[in-house]
Protein chains: 2
Amino acid sequence: MKKVVNDYIHLTSQSEVKRTKFGARARRLFLLKSMSMPVPRAVLLSIDAVRKIQSGKKIDTKGILAVFNEQEMFSIRASPEHWDWGGPQTILNVGLNDVKFSTLKMTLGETAAVKLYLRFILSFSIDIMRMDEHLFEDVLSEEPTDSSVALALKLYEDEMLSPFPQSPHDQLEQVLNSMIGAWSSTTARILRKAHNAPENAGVGFVIQCMVMGLGKRESGSGIVQFINPLDGSKQVTGRYLSQSQGRDALEGKSSLFLTKDARGRSLEEHMPEVFEQLCKFGNDARFITKDELELDFTIDGKKLWLLDAAPARRSARAAIKVLVDLVQDEIIDKNTAVKRVEPRVITELLHPQLSPLAKSEVICRGVAASPGAATGQIVFSSKMAQILALKEKPSILVKLETGPEDIRGMHFTKGVLTERGGMTSHAAVTARGLGLPCIVGANALKIDLKEKRIITKTGQTFNEYDFITIDGTSGKVISGKTDLVEPAFNDGLKTFLRWAEQIANLTIRANADTPADVTVARNFGAKGIGLCRTEQMFFEDDRLIVMREMIFADSNKERKVALEQLLPMQRADFMKIFKIMDGFPVCIRLFDPPLHEFLPRERQEMLELAEALDLSVSNIIERTKELSEFNPMLGMRGVRLGITLPEIYEMQVRAIFEATVLAQKSGMLIVPEIMIPLVSTQKEVELVKVSIESTANAVKSETGTDFKYKYGVMVETPRASLRAGDIAKSVSFLSFGTNDLTQMTYGLSRDDAGRFMRDYVAKEVFNEDPFRTLDKDGVGELLLLARDRGRGQNPILSLSVCGEHGGDPTSIKFCCEAGFNYVSCSPYRVPIAILAAAHYELGK
Amino acid sequence: MKKVVNDYIHLTSQSEVKRTKFGARARRLFLLKSMSMPVPRAVLLSIDAVRKIQSGKKIDTKGILAVFNEQEMFSIRASPEHWDWGGPQTILNVGLNDVKFSTLKMTLGETAAVKLYLRFILSFSIDIMRMDEHLFEDVLSEEPTDSSVALALKLYEDEMLSPFPQSPHDQLEQVLNSMIGAWSSTTARILRKAHNAPENAGVGFVIQCMVMGLGKRESGSGIVQFINPLDGSKQVTGRYLSQSQGRDALEGKSSLFLTKDARGRSLEEHMPEVFEQLCKFGNDARFITKDELELDFTIDGKKLWLLDAAPARRSARAAIKVLVDLVQDEIIDKNTAVKRVEPRVITELLHPQLSPLAKSEVICRGVAASPGAATGQIVFSSKMAQILALKEKPSILVKLETGPEDIRGMHFTKGVLTERGGMTSHAAVTARGLGLPCIVGANALKIDLKEKRIITKTGQTFNEYDFITIDGTSGKVISGKTDLVEPAFNDGLKTFLRWAEQIANLTIRANADTPADVTVARNFGAKGIGLCRTEQMFFEDDRLIVMREMIFADSNKERKVALEQLLPMQRADFMKIFKIMDGFPVCIRLFDPPLHEFLPRERQEMLELAEALDLSVSNIIERTKELSEFNPMLGMRGVRLGITLPEIYEMQVRAIFEATVLAQKSGMLIVPEIMIPLVSTQKEVELVKVSIESTANAVKSETGTDFKYKYGVMVETPRASLRAGDIAKSVSFLSFGTNDLTQMTYGLSRDDAGRFMRDYVAKEVFNEDPFRTLDKDGVGELLLLARDRGRGQNPILSLSVCGEHGGDPTSIKFCCEAGFNYVSCSPYRVPIAILAAAHYELGK
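Computed from a predicted structure; not experimentally measured.

1. A closer look at the overall build of chain A
- Scanning chain A from N- to C-terminus turns up 36 helices and 31 strands.
- If you line up chain A on its principal axes, its C-alpha atoms span 105 × 60 × 50 Å.
- Burial analysis of chain A (844 residues in total) assigns 58% to the buried set.
- Of all intrachain contacts in chain A linking residues separated by at least 6 positions in sequence, the fraction that spans at least 24 positions is 68%.
- Total accessible area computed for chain A in this model is approximately 34300 Å², and 50% of it derives from carbon and sulfur atoms.
- Side-chain charges in chain A split into 107 positive and 109 negative, and the spacing between the mean points of these groups amounts to 4 Å.

Given below as structure tokens:
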């Protein structure tokens, strides 16, 4: 009988229970039982046994039922390998039949007996045999009596063309088979996959002797947990209901509170000994299972039983609090705490969330492009967002798509909604950088700019200044105002992240462009700036006009004059950034975007510009036309501009060095890192290097101050990856701009991919959106190839990723494995990145 | 004295002369001398000796001058390693000084002596000492006398502050040093580079005893060659002038013709024996030097001397004729003939050329985008080109840039001129495919579409219907009509190419999209179609409207209805193509471009379309907006369309298979090759493969006919190259679309690169335009990597290049070395490609 013992065991067979064999629920119950808590007798069906059943083996009902005596009923609960993989609903009172029903009527009284048998007949019919719930309307509408039972049994027989099964063996077999089938269903598989369950996720079962919760003496059932599910603070929460089973207490109007409560009666007052016992069990269970639990308990003739235990329900913020408390109570160590939080959970804590209690009317779904929720008045221009912001009124910026000219407006709005675009469109990338909730690709909405309104698919209209809410976490656009839960970057989270940081072996930097962004990055724990996009500084009003002057300059000389006006502004920005980062490294990328991004697109703005520059509108239009490109992504930008119009880089480099000198004079040690974008040949790197060196020498001799700096390349083209060996000879670092590198490796524009990305992921052409998770097989190979060639030529070459992938846990794992020095991501993803890096170390 | 012997030798020292040591001119003179022809005594200065002089060694003038007696003068001629590497101008009469001048006056008479000395003084002053030519105006303006010599000597002394050198040793040293300096000058280096000379190209010198050509008895000099320089036919051409030196005969009004001529006196009549001797020498020289020569001869007292020999001047067409004749006369073998023609020379023969005799006013220079010259009336739209064509009037299509909607118009025009774009812009690529002369990026011209005119930088205006000429070989735009030389794809060239084909070990296919293009390709010797861009068939008027219907279809069903109309048209085209190619393989690429390329851009056309499709104009505008893309190159096109709108590929594949069945029924054996574009993952390849297989099975069962086909991938993304191992498992061929692959590897749009490409090549950031010559180090590595991975998984995998590079000799060499199966290029480059492939074999 050894073989059978492996398949199912008594809950008391200590040596046999291992989490991986019987599932998480079985293991928890085993632990409770091992502390001598009053857990009813049970048989555990192992995961292997279930697999055998799935592949055709008959269930050994005889062996299982040998544990129970003939009068007993039992519950059947799924016990998945991991607690959050879901599982089919629990079935109670299995084993009940006409004979036992007669007996129960005598022992518990008719009401209780009817209640028990009806519950089983209905759940067997509906959950197990998949009968239509509506068939039982008549049974449910009347006060349950003996005749209700008769009616239910007749309905069953009429529909199924066979009588309700009377043999506990048959019942057990059918219930188990149905539950195992449900576990393998497509829906269940998809739900599990969202929780990272593997394709072959296993499930065991707990077949437990029923404790009734109904009967003559005080009986009933309840649920308890010992923390507040919203914030994780210590608080006994739950309900208890006399003469009930399962989770009835949660719905029953006459349920008791557990602790003393002004609103009504409580278990604490009503049965203080039971309450005290429950609290003690709760405390013990927390120690033995090393987690906060939710317990299903039943009182059977005043005796307390613990039927089931599951991890207590908790919000993301509560989860962190629970873990910090467990560590402080020395129940788990820091590593375990860090390991238990999925990095993406942190996202919720950094952004406002829709209140779980709020009711909402969803008018459309788009691409969830930047997490968090926001409520505000609709505006259709950055200017209007700014005007409302001055009046301290929240706005949601609604546009077909955003462009660089909207960046300023995005600082003034609470959220962004665009009709077009995908995960890596301008709106999405910028919003994530700013930590601004954002939905893109909401193409079920039509934006009517002329009439200043939005029209939904159903014809509903929203005008300018109407309130809407967007949830950038789910992609839902919601009508009107909605209650929000504020973010929780609190002490608990900070403590938790500090632990993660101590474990992690990868530096996390942030992509931040302005002193304001840099401040956020620092607050979130960034240990440096990995990507400071200097051109972002040029979009502010006063700078934009000078920038445009520069673009319209007719000669190198005029261009220099315009650039000289920008120099002190950039220098001042760099000074501030150096100060905020207080000695942490700052990597500054020189000018990157094509010049046409700085030119106005709309007629009115063109008129204004013409006037400001004393040019004709046709001049403006012509220059705009001249600079327009077929494929701006692959055009005249980055180092190509740096080489063709060298004055721009010269100004920027001078601003960096002058800021460095000033910072040094005020006592800081700054070694700025200068990075050039869109490199495809070593010669580009060399040409700029020579120019930077000459500016460095000029500033050194002008100021009489020596300083150091680092020079590096943003690797964004496949060619730069292939030629990393050459390039590494001239630089001290390579930082992979994986957004562009992905675009070029796939030949896929992130702005245009939205149109088919969902289709492509659904058809599994792409396993994942390669702009979200680094494509290990293609882009990843280029990274490794560049690493090997680069370090082959320059063993101390620093390597990093500064694309969007820098904040993606899977991609971070890749960087850890690859031995990179750091990743850099948007400030709001820094905590996630820290945690992901810690997870990698713990999982090694 | 062994060392000296290596540095300079007598022309008669047979064992010492080798081409690589003394240069091509020395070798030719040596060969003539070895046939006992009357070549004057000479010393050869070796290339090594010159290198030593360059690195500071003093010239051993004593050793050199030992060959000549004291009264003799000598000429100094450069002898570069390869004949077409240029070299400094020849200097005559070196060694002349006041003393010899006095002697000469007595022996030759004053006139002759003055002429000789003046020639030397002037060329020494101007060519060697770099004095300003204008200084000698007074000397040149008067009849040369004794006092002219005195004046010239004085002018020299005044300017140089030292007397004219009298020592032959000094003269020799200064002349040689100056000529060696000129050889190393930047200008000379750039000129040589255009002829593929290496950086360290060497030069030797011939120092030859002067035969005067002046004197009392019949003396004079002349030039002769034995072929017509325009067509290469046998014809004695040249001039002779009594009492002259050097090349004076070519300018002298009293020069004699060589053969009897109605226009004047001839050497043949005047000195029949000398003429006969000259012809005999010419014939012997052709045999010994294995080439047609141009001989510099001098008659000195009736005695004929041969001073110099160079390859005869010849046009490209003459060059082919000469080689074919040399082979037929068994003077050289076919390999030698093939080796002697630079592949790019063939271009000239396939396109009309500007007549070398025509005078032309160049109004602007643009990018020489497609070779050949064309004259016609300016038109600003494809429609007008078509209207003029109907009236048999030639037109030049002038546009800002062209788009797919212009393809039809381009069939009707003689040449294309665009203001924007680079070597690989739409206009350039299409024109090359059509063999149509084209200039792009002519941004010095302003095209004023409103007023229908072109304005040049100087303000000159050209209206619609004015004549202009474009030379797509040089990039020159010329005012008015110009005489053209018609192409010469004649029997000689065909014979020549057949020899090349026999040598080559790489198949040459052509990129051709329509039956007309395919016919051209076949005529030019293409051994298959490597890229048939099926969508080109959709731009014809009747098809374009159906295509647009398809784009505006609301459902899969409507889309299918539209596609069903296109099916018979495509099938008929494929039938024709199969028939023309007569069993040679045809590789058909499925639909590639983004749909918006098929939509109208101008208001009028939109109105027409709205009417045709019974839609509102706002519908048209909206759909156009919906389909517009930020970076079309990286957008919704290629296999991405094929997977999202599978009906398009299904229709195309069915058309291919139905045409195959029909062709088979008419007795041809067709194995069509189906290729899908813009692949980035293996899954894409698999999805389309399944769909193609199912269409194949359907057609087989409907027609009851079996057929075979090949399936492959156009590798255009870096990722497809990296994943070639996976992909190769599902396909029988990979064809590299190196245009797109280059764009993506560099992150460089070919349409936008024009703006800085010239700058980049000039600054040597790119050694060559990577769209013209395959970038070996980046793109090339991806090709080799894909080859290794692909053939690793599928050893019989066929590999090829079907981008523009398929017609570039350097890139073809790469493909030969890489062991590729074929290259495919535009029909007009097929002969060049054949020759390049032959050259590779010969150079191995």
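Let's pick the thread back up.
2. Considerations on the packing of helix H35 (residues 809-817) of chain B against helix H36 (residues 830-843) of chain B
All names here are of chain B.
- Across the interface, H35 lies against H36 with an axial gap of 9 Å and an inter-helix angle of 50 degrees. In this view, H35 runs oblique relative to H36, as classed from their interaxial angle. Read as a crossing pair, H35 and H36 show a hand that is right-handed. Residues Pro809, Ile812, Lys813, Cys816 and Glu817 of H35 lie in contact with H36, whose contacting residues are Ile832, Ala833, Ala836, Ala837 and Tyr840.

3. Digging into the packing of helix H6 (residues 98-108) of chain A against helix H7 (residues 110-128) of chain A
All names here are of chain A.
- Contact geometry for H6 and H7: axes closest at 7 Å, N-to-C directions at 145 degrees. The hand of the H6/H7 crossing is right-handed. On H7, the residues that touch Asp98, Phe101, Leu104, Lys105 and Leu108 of H6 are Glu110, Ala112, Ala113, Val114, Leu116 and Tyr117.
- Of the residues assigned to the contact of H6 with H7, the class counts are eight nonpolar, no polar and three charged.

4. A few points about the sheet that holds strand E14 (residues 373-379) of chain A
All names here are of chain A.
- The strand order E12-E22-E21-E14-E15-E16-E17-E13 describes an open sheet built from eight strands, whose pairing is mixed. Every interior strand has two partners, whereas the edge strands, strand E12 (362-365) and strand E13 (367-370), have only one. Across the sheet, the mean angle from the axis of one strand to that of its neighbour is 30 degrees, orientation sign disregarded.
- Direction of pairing for strand E16 (residues 415-418) relative to strand E17 (residues 438-440): parallel, over a ladder of two bridges. In the sheet register, valine 416 faces E17, and the bridge partner there is cysteine 438.

5. Re the interface of chain A and chain B
- Facing the 54 residues of chain A at the interface are 54 residues of chain B.
- Each partner contributes to the roughly 5000 Å² buried at the junction of chain A and chain B, and carbon and sulfur atoms together form 54% of this total.
- Among the residues of chain A in contact with chain B, A:Phe630, A:Leu634 and A:Arg755 are the three that bury the most area, contributing 14% of the side total.
- On inspection of chain A and its partner chain B, the count reaches four salt bridges.
- As a salt-bridge pair, B:Glu781 and A:Arg789 come within 2.3 Å of each other at their nearest N and O atoms.
- When residues of the side of chain A that touches chain B are traced back to their parent elements, those giving at least two are helix H26 (617-627), helix H27 (639-644), helix H29 (682-703), helix H30 (718-722), helix H32 (738-746), helix H33 (754-762) and helix H34 (779-793) of chain A.

6. Concerning the relation of the copies chain A and chain B
- The transform that puts chain A on chain B rotates by 179 degrees and translates by 0.0 Å along the axis, for an RMSD of 0.3 Å. What we have between these two chains is a two-fold relation.
- When you check the interface residues of chain A against chain B, 100% turn up at the interface there too, and the contact is symmetric in its surfaces.

7. Some words on the sheet that holds strand E20 (residues 461-463) of chain B
All names here are of chain B.
- Taking strand neighbours across the sheet as the criterion, the three strands line up as E18-E19-E20 in an open arrangement whose pairing is antiparallel. Edge strands, defined here as strands with exactly one partner in the open sheet, are strand E18 (446-448) and E20. Across the sheet, the axes of successive neighbouring strands diverge by a mean angle of 20 degrees, strand direction being ignored.
- Across three bridges, E18 lies against strand E19 (residues 453-455) in antiparallel orientation. Residue pairing across strands places lysine 446 opposite isoleucine 455, the latter belonging to E19.

8. Some remarks on the environment of A:Gly725
Residues and elements named next belong to chain A.
- With respect to the helices and strands, glycine 725 occurs in helix H31 (residues 724-728).
- Spatially, the C-alpha atom of glycine 725 lies 7.1 Å from that of alanine 786, the residues being 61 residues apart in sequence.
- Apart from residues no more than four positions distant in its own chain, glycine 725 is found in contact with Arg789, Gly790 and Gln793.

9. Looking at the environment of B:Gly441
Residues and elements named next belong to chain B.
- Mapping glycine 441 onto the fold places it in the loop between strand E17 (438-440) and E18.
- Residues glycine 441 and valine 367, 74 residues apart in the sequence, show an inter-C-alpha distance of 5.7 Å.
- If we skip the residues at most four places from it in the chain, glycine 441 touches Gly366, Val367, Thr418, Glu419, Arg420, Gly421 and Arg758.

10. Concerning the packing of aromatic side chains
Residues and elements named next belong to chain B.
- Throughout the structure, instances matching the rule amount to 38 aromatic pairs over all chains.
- Both rings, one in phenylalanine 124 and one in tyrosine 156, keep their centres 6.2 Å apart while their planes meet at 50 degrees; by these two values the pair is tilted. Residue phenylalanine 124 is found in helix H7 (residues 110-128), and its partner tyrosine 156 is found in helix H9 (residues 146-160); the two are separated by 32 residues along the sequence. Here phenylalanine 124 matches tyrosine 156 in class, with each residue buried.

11. Observations regarding unusual backbone geometry
- Of note in this structure, A:Lys302 is not a glycine but carries a positive phi near 70 degrees.
- If you trace the backbone, A:Lys302 turns up in the loop between strand E9 (293-300) and strand E10 (303-311).

12. Let's talk about a negative patch on the surface
- Together, A:Asp132, A:Glu133, A:Glu137, A:Asp138, A:Glu142 and A:Glu159 give the surface a local cluster of negative charge.
- Mapped onto the fold, A:Asp132 is located in the loop between H7 and helix H8 (137-141).

13. As for H9(B)
All names here are of chain B.
- Taking 1.5 Å as the rise per residue, H9 with 15 residues should run 21 Å; its terminal C-alpha atoms sit 21 Å apart, in good agreement.
- Those residues of H9 that fall on the buried side of the exposure criterion are Ser148, Val149, Ala152, Leu153 and Tyr156. Down the axis of H9, the buried set is contained in an arc of 135 degrees. They therefore lie on one face.
- Elements in contact with the buried residues of H9: helix H6 (98-108), H7 and helix H8 (137-141).
- Where H9 ends, the next residue or the one after it, leucine 161, has phi of about 60 degrees, a positive value.

14. What to know about helix H23 (residues 541-551) of chain B
- Along H23(B), the residues classified as buried are B:Arg543, B:Leu544, B:Val546, B:Met547, B:Arg548, B:Met550 and B:Ile551.
- Where H23(B) is buried, its residues touch helix H24 (556-581), helix H25 (603-613), helix H26 (617-627) and helix H28 (646-665) of chain B.

15. Some remarks on the confidence of the model for chain A
All names here are of chain A.
- Of all residues in chain A, 98% have pLDDT values of 70 or greater, and the mean over the chain is 91.
- Counting interchain partners and residues more than four positions distant, the pLDDT-below-50 stretch residues 1-6 has nine contacts.
- Listed scores for the predicted complex are pTM 0.84 and ipTM 0.83.

16. Some words on the pattern of salt bridges
- In this structure the tally under the stated criterion is 97 salt bridges over all chains.
- A salt bridge links B:Lys527 to B:Glu501; its shortest N-O distance comes to 3.4 Å. Of this pair, B:Lys527 sits in the loop between helix H22 (515-523) and strand E25 (529-533) while B:Glu501 sits in helix H21 (residues 491-503), and the two are 26 residues apart along the sequence.
- Where salt bridges share partners, they join A:Glu535, A:Arg589, A:Asp592, A:Arg637, A:Glu716 and A:Asp740 into one cluster.

17. So, the environment of A:Pro352
Residues and elements named next belong to chain A.
- Here proline 352 shows up in the loop between helix H17 (345-350) and strand E11 (353-354).
- C-alpha separation for the pair proline 352 and methionine 714, spaced 362 residues apart in sequence, amounts to 33 Å.
- The contact partners of proline 352, leaving out residues within four places of it in the chain, are Gly372, Ala373, Leu484, Val485, Glu486 and Pro487.

18. With respect to the pairing of strand E26 (residues 586-589) of chain A
All names here are of chain A.
- Residues of E26 alternate between two faces, with Val586 and Ile588 on one and Cys587 and Arg589 on the opposite face, all of them buried.
- For strand E25 (residues 529-533) and E26, the ladder comprises three bridges, and the chain directions are parallel. Among the inter-strand pairings, cysteine 532 is bridged to a residue of E26, identified as isoleucine 588.
- Where E26 lies against strand E27 (residues 673-676), three bridges are found, and the strand directions are parallel. Considered in E27, the bridge of cysteine 587 is made with glutamate 673.

19. A few points about the state of the cysteines
Residue and element names in this part refer to chain B.
- Evaluation of the coordinates by the stated rule reveals zero disulfides over all chains.
- Of the cysteine sulfurs around cysteine 438, a residue in no disulfide, the closest is that of cysteine 364, at 13 Å.
- Owing to a relative accessible area of 0%, cysteine 438 belongs among the buried residues under this scheme.

About the criteria used
- Per chain, residue numbering runs from 1 following the sequence as it is written.
- Whichever chain is written first becomes A and whichever ligand is written first becomes 1, with later ones labelled in order.
- Where totals are concerned, whole chains, interfaces and linings use all residues; where local detail is concerned, this predicted model gives features only for residues with pLDDT of at least 70, and gives and counts side-chain atom pairs only at 80 or more.
- Where side-chain values are given, they derive from all heavy atoms of the structure, hydrogens and water being excluded.
- Numbering of helices and strands runs from the N terminus; a helix is a DSSP stretch of H or I covering at least four residues, while a strand is a stretch of E covering at least two.
- Here the term buried applies to any residue with accessible area under 20% of the maximum for its type, exposed to any over 50%, and partly exposed to those in between, with areas from a 1.4 Å probe on protein chains only.
- Contacts between residues were defined by any pair of non-hydrogen atoms, one from each residue, lying within 4.5 Å.
- Residue-level accessible areas treat just the shown protein chains as cover; the underlying method is Shrake-Rupley with a 1.4 Å probe.
- We treat Lys and Arg as the positive residues and Asp and Glu as the negative residues; His and chain ends play no part in the count.
- A charged residue contributes its charge at one atom only: NZ of Lys, CZ of Arg, CG of Asp or CD of Glu.
- Lines fitted to the C-alpha atoms define the axes, with helices restricted to the stretch that makes contact. Angles between their N-to-C directions range from 0 to 180 degrees.
- Our angle categories are set so that under 35 degrees counts as roughly parallel, over 145 as roughly antiparallel, 65 to 115 as roughly perpendicular, and the remainder as oblique.
- Helix crossings fall into two classes, left-handed where the near helix is turned counterclockwise from the far one by less than a right angle and right-handed where it is turned clockwise.
- Under the grouping applied here, Gly and all other residues not named as nonpolar or charged are polar, the nonpolar ones being Ala, Val, Leu, Ile, Met, Phe, Trp, Tyr, Cys and Pro and the charged ones Asp, Glu, Lys and Arg.
- Paired strands, in this sense, are two strands between which DSSP finds at least two bridges.
- By buried area we mean how much accessible surface two parts lose on assembly, using a 1.4 Å probe and totalling the loss over both.
- In what follows, salt bridge is the name for a side-chain nitrogen of Lys or Arg lying within 4 Å of a carboxyl oxygen of Asp or Glu.
- Least-squares fitting of one copy onto the other uses the C-alpha atoms of those residues that reach a pLDDT of at least 70 in both copies.
- In this scheme Phe, Tyr and Trp rings, the latter by its six-membered ring, pair at centre separations within 6.5 Å, and the angle between planes marks the pair as stacked below 30 degrees, edge-to-face above 60, and tilted otherwise.
- A patch is a set of surface residues, each over 30% in relative accessible area and not in a salt bridge, joined within 9 Å for like charges and within 5 Å for the nonpolar side chains Val, Leu, Ile, Met, Phe, Trp and Tyr.
- Residue count minus one, scaled by 1.5 Å, sets the expected span of a helix.
- In this context, the arc is that of the directions from the helix axis out to the C-beta atoms.
- Confidence scores labelled pLDDT are given residue by residue by the predictor and lie between 0 and 100.
- Count a disulfide wherever a pair of cysteine sulfur atoms falls within 2.5 Å.

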